[in-house]
Amino acid sequence: MDKPVIETRGLSKRYGDVVAVKDLSLSVETGGVFGLLGPNGSGKTTTMGMLLGLVRPTAGSIRLFNEPEGVPREALHRIGAIVESPAFYPHLSGRSNLCYFQGILGGRPSQVDQLLDSVGLLERADSRFSTYSLGMKQRLGVAYALLGDPELIFLDEPTNGLDPAGMAEVRDLIKGLGTEGRTVLLSSHLLHEVELVCDSVAILSRGELIAQGRVADLVSAQAAIRFKTTDDDQARLVVSALDWVEEVREEGGYLLASAPAERSHELTAALAQHDVWIREMAPVEVSLERYFLEVTGSDANEETEGGQ
Amino acid sequence: MIGYVLSLARWEWFKQRRRWLPWVLLAILALIPQAAIWGSFGSYHFQSNDSDRQMVFGVSGAGQRPIEAHGDGRVSGGRIGQIVPGGSVSVNCDDILSGNVPELPPGFPPEVLDDFERECRRDAVQNDQIRADEYDAFAFPASLGFALQFAVGFGVILLIVLTTSVVGTEYSWGTLRNVLARGTGRWQFMAGKATLLVFLALGGLLTVMALTAVSSLIAVSLTDTPVGYVSSTTWLGLLESLGRAWYGLIPYIALAGFATVLVGSSALGLSLSIGYYIGEQILSGLMSALFDWFDTIGDYLLGPNIAAWVSGGGGNTDGLLMGMVLDSPPGQLHASLVMAAYIVGLSALALWRFSRRDVGGASGG
Ligand SMILES: Nc1ncnc2c1ncn2[C@@H]1O[C@H](COP(=O)(O)OP(=O)(O)O)[C@@H](O)[C@H]1O
Ligand SMILES: [Mg+2]
């Protein structure tokens, strides 16, 4: 991995008494999909707004593409973004909207139809934006973000308000975007969306960064092995002594060891040495969800809820 | 840099020309002056031009003085009732001027008739002038100049509506985020809008002129030219009127643009601009009536200066800028400089404010 494509230090935004983003130090590597996860009002949109020069930070610094600090217009030319909701000119067709934005970006060769096709809007390209369904609006937003083939793409809750089929479609689209050296910054209040789509994630709660890392690492940190033995008391002592097991606790008549499932055979071997024998054993599939719930105290899995 | 702003203005037109609003406003702007043209035509064409002066020669009781009875009912030299029945003769200007001299009652001094004839001749000249003026108001090309002045008067309101909408919808639709997030220059974007509006104002005035020209040519062909009519306008004068009208509209683009950027909404921006426009007139009328020193301040308000400027120092500001009363209109140089100061000042404030402001979500305003 090269230098981070986005790097913030101590980034803060305060609206009067409301602290929207607090002392955020973020680092996004080039390539792949980076998730910005947090419940509504946690500061995702404000963060993106600051990265795009739309919102002035109260404090802190931003560095894009490893260039000098700040958000110069030249950097924004390399970013495609759709922030908050997909907002376009209601009286113009989808095609005219994209033509307009392509025009003010400065006459690159026309790729509008190709983009409309890639998001499945070609058929309705000549209908007015105001007649589009929410799903179509979101997809036009994605097409707009792709205009000019940017290196970095910001998508702010792009699946908001979509039905499950639409969500799946847009998620597939996003996964594809993260390849070919492009970086996607995806914000979401849906944990399982981030797990599905993102490579790395930063978790925000009330404007503060509470965790950041690769999704796989965060998930494995939460992994556990559940088992029952011939002598649970003895087993507890033995397993706690293993340095790769974080903790052992009892839950519903089972022992639960925080450890990746791949090491279950080592666990078995260690117990066998002490004459303790496994009766039952199963890996526990832990998602980020539990962690997320614990740290943010919010229900992150309500797909129907519209984010702010 | 200028090329970039012009390109943004061109793309702004790409958006605006697909909306209803500019076209509806243009229709209002162009059609209202036509009503004025055809009104002048009607009063010229359908009303008689005869002098209403009439004289009744009679003898009043004791002094045997002549009694003059005018067509409008005024009587001088006595009362109508005093006229001796059978001994009076009624004469009107038409008779006199066509040499139809009546026989006067006995004992009447003949110079009375000469006096009356002189008055009739003076009337006729005056009447020709009135007729010529009436004709001038709808005859090509002078009509174009009047239509322009007239159009500026209410065009100001239309332009304020258009400006606040062109700027404010970017906030209410939330499209401003999309525009700026891609690195479009902030002040350049607004300057592009302003440039488009300045040209739309010119386009509106040219449309008024074109439509008025058509109306004029039709109207002229339907009636007679008054004797000795000379148009009050030259082509050069017309060009000047256009320039004056155009420049007179620009401060309101700056005003409405500033107000909208300040509050970030079309509706609020519109209320603020119209409020200023009307408030300035009410306040200046009231204050200058109450305090002498306010006249000096009035010289630096937008309305009086634009009224003076657009009427070209002619002082004829009827129907202009909602009847701004000009006791002593500011001079032309003064007016043009004050307008320039407003344009530069308000634009600079608007652009400065706009380039610093956070751009949030759709406000629905
Ligand atoms: N323009 C604003 N004025 C005042 N408060 C704001 C503004 N924008 C956002 N906030 C507040 O900042 C916090 C974070 O908002 P936001 O960034 O939109 O969160 P998210 O996108 O994660 O839902 C919220 O409490 C919100 O009310
Ligand atoms: Mg948000």
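Anyway, here's the lowdown on the structure attached to this text. (Residues numbered from 1 in each chain as written. Chains lettered and ligands numbered in written order. Predicted model: local features only at pLDDT ≥ 70, side-chain atom pairs only at ≥ 80, totals over all residues. Heavy atoms only, no water.)

Quick look at the overall build of chain A
Scanning chain A from N- to C-terminus turns up 11 helices and 14 strands. Dimensions of chain A, computed from the C-alpha atoms along their principal axes, are close to 75 × 45 × 35 Å. Residues counted as buried form 50% of the 308 residues belonging to chain A. Taking all contacts inside chain A whose residues are at least 6 apart in sequence as the whole, residues at least 24 apart take part in 67%. The average position of the 28 basic charges and that of the 45 acidic charges among the side chains of chain A differ by 7 Å. (Helix = DSSP H or I, 4+ residues; strand = E, 2+ residues; numbered from the N terminus. Buried < 20%, exposed > 50% of the residue type's maximum accessible area, 1.4 Å probe, protein only. Contact = heavy atoms within 4.5 Å. Lys, Arg positive; Asp, Glu negative; His and termini not counted. Charge placed at Lys NZ, Arg CZ, Asp CG, Glu CD.)

A few points about a nonpolar patch on the surface
Residues and elements named next belong to chain B. Taken together, the side chains of Leu 286, Leu 290, Phe 291, Trp 293 and Ile 297 present a nonpolar region at the surface, about 510 Å² in accessible area. Along the chain, Trp 293 turns up in the loop between helix H9 (266-290) and helix H10 (294-298). Take Trp 293: its relative accessible area is 49%, and that puts it in the partly exposed class. (Patch = residues over 30% accessible without salt bridge, like charges linked within 9 Å, V, L, I, M, F, W, Y side chains within 5 Å. Areas by Shrake-Rupley, 256 points an atom, 1.4 Å probe, with all protein chains shown as cover. Salt bridge = Lys/Arg side-chain N within 4 Å of Asp/Glu carboxyl O.)

Here we look at the pairing of strand E7 (residues 152-156) of chain A
Each regular strand carries side chains that alternate between the two faces of the sheet. All names here are of chain A. The buried fraction of E7 is high, at five of five residues. Every second residue of E7 is oriented toward a common face, with Leu 152, Phe 154 and Asp 156 on one face and Ile 153 and Leu 155 on the other, all of them buried. Across four bridges, the pairing between strand E6 (residues 79-82) and E7 is parallel. Bridge pairing links Ile 79 to Leu 152 in E7. Relative to strand E8 (residues 183-188), E7 runs parallel, the two being bridged by five bridges. If you follow Leu 155 over to E8, its bridge partner there is Leu 186. For the crossover from E7 across helix H6 (residues 164-177) to E8, the handedness is right-handed. (Pairing = 2+ DSSP bridges. Right-handed = clockwise from strand over helix to strand, strands pointing away.)

Here we look at the site of ligand 1
Residues and elements named next belong to chain A. The local shell around ligand 1 holds 12 residues, among which Gly 41, Gly 43, Lys 44, Thr 45 and Thr 46 are the closest. A distance of 3.0 Å separates an oxygen atom of ligand 1 from a polar atom in the backbone of Gly 43. A distance of 2.9 Å separates an oxygen atom of ligand 1 from a polar atom in the backbone of Lys 44. Listed by contribution, the elements that provide at least two residues to the shell around ligand 1 are strand E2 (18-24) and helix H1 (44-51). Among the elements that line the shell around ligand 1, the one with the most residues is H1, at three residues. Of the residues in the shell around ligand 1, the class split is four nonpolar, seven polar and one charged. (Near = heavy atom within 4 Å. Polar contact = N/O pair within 3.5 Å; in protein donor to acceptor, adjacent residues only side chain to side chain. Nonpolar A, V, L, I, M, F, W, Y, C, P; charged D, E, K, R; others polar.)

A word on the sheet that holds strand E10 (residues 208-214) of chain A
Residues and elements named next belong to chain A. The strand order across the open sheet built from six strands is E6-E7-E8-E4-E9-E10, with neighbouring strands paired in mixed fashion. Because the sheet does not close on itself, it has two edges, and the strands there are E6 and E10. Geometrically, the sheet is characterised by an average inter-axis angle of 15 degrees between neighbouring strands, direction not taken into account. Contacting strand E4 (32-37), E7, E8 and strand E9 (200-205), H1 runs over the sheet at an angle of about 150 degrees to E8. Against the sheet, helix H5 (residues 134-146) touches E6 and E7, its axis set at about 165 degrees to E6. (Axes fitted to C-alpha atoms, helices over the stretch in contact; angles between N-to-C directions.)

Focus on the interface of chain B and chain A
Listed per partner, the contact involves 29 residues of chain B and 34 residues of chain A. Summed over both partners, the interface of chain B with chain A comes to about 2700 Å²; 55% of that surface belongs to carbon and sulfur atoms. The largest per-residue losses of area from chain B upon contact with chain A belong to Arg 177, Asn 178 and Arg 182 of chain B, which jointly make up 29% of the total buried on that side. Here chain B is connected to chain A by one salt bridge. Across the pair Lys 13 of chain A and Asp 358 of chain B runs a salt bridge whose closest N-O atoms are separated by 2.7 Å. (Buried area = accessible area lost by both parts, 1.4 Å probe.)

A look at the environment of Ile 306 of chain B
With respect to the element layout, Ile 306 of chain B can be found in helix H11 (residues 302-310). Separated by 102 residues in the primary sequence, Ile 306 of chain B and Gly 204 of chain B have C-alpha atoms spaced 18 Å apart.

Quick look at the packing of aromatic side chains
Scanning all chains against the criterion turns up 23 aromatic pairs over all chains. Ring geometry for Tyr 89 of chain A against Phe 101 of chain A: centres 6.0 Å apart, planes inclined by 25 degrees, an arrangement best described as stacked. Of the two residues, Tyr 89 of chain A sits in the loop between E6 and helix H3 (94-106) while Phe 101 of chain A sits in helix H3, which places them 12 residues apart along the sequence. Here Tyr 89 of chain A matches Phe 101 of chain A in class, with each residue buried. When the ring of Trp 13 of chain B is compared with that of Trp 23 of chain B, the centres are 5.9 Å apart and the planes differ by 55 degrees; the resulting orientation is tilted. Separated by 10 residues along the polypeptide, Trp 13 of chain B in helix H1 (residues 2-16) and Trp 23 of chain B in helix H2 (residues 21-46) bring together distant segments of the chain. The exposure class of Trp 13 of chain B is partly exposed, given its relative accessible area of 28%. (Phe/Tyr/Trp six-rings, centres within 6.5 Å; stacked < 30°, edge-to-face > 60°.)

Digging into helix H5 (residues 142-172) of chain B
Residues and elements named next belong to chain B. The terminal C-alpha atoms of H5, which comprises 31 residues, lie 44 Å apart, in line with the 45 Å expected from a rise of 1.5 Å per residue. Of all bends in H5, the biggest is about 45 degrees, found at Phe 154. Counting buried positions along H5 gives 26 out of 31 residues, so the element sits mostly inside the fold. Downstream of H5 by a residue or two, Gly 174 has a phi angle that is positive, lying close to 75 degrees. (Expected span 1.5 Å × (residues − 1). Bend = angle between axes of the 7 residues up to and from the residue.)

Considering the pattern of salt bridges
Residue and element names in this part refer to chain A. In the structure shown here, the tally under the stated rule is 19 salt bridges over all chains. Here Glu 157 makes a salt bridge to Lys 44, at a shortest N to O gap of 3.3 Å. Note that Glu 157 is positioned in the loop between E7 and H6 and Lys 44 in helix H1, a separation of 113 residues in sequence. The exposure class assigned to Lys 44 is buried, which follows from its relative accessible area of 3%. A salt bridge links Arg 263 to Glu 266, with the nearest nitrogen and oxygen atoms 3.3 Å apart. On the basis of relative accessible area, Arg 263 is assigned to the partly exposed category, the value being 29%. Take Glu 266: its relative accessible area is 30%, and that puts it in the partly exposed class.

These results come straight from atomic positions and should not be treated as a statement about function.
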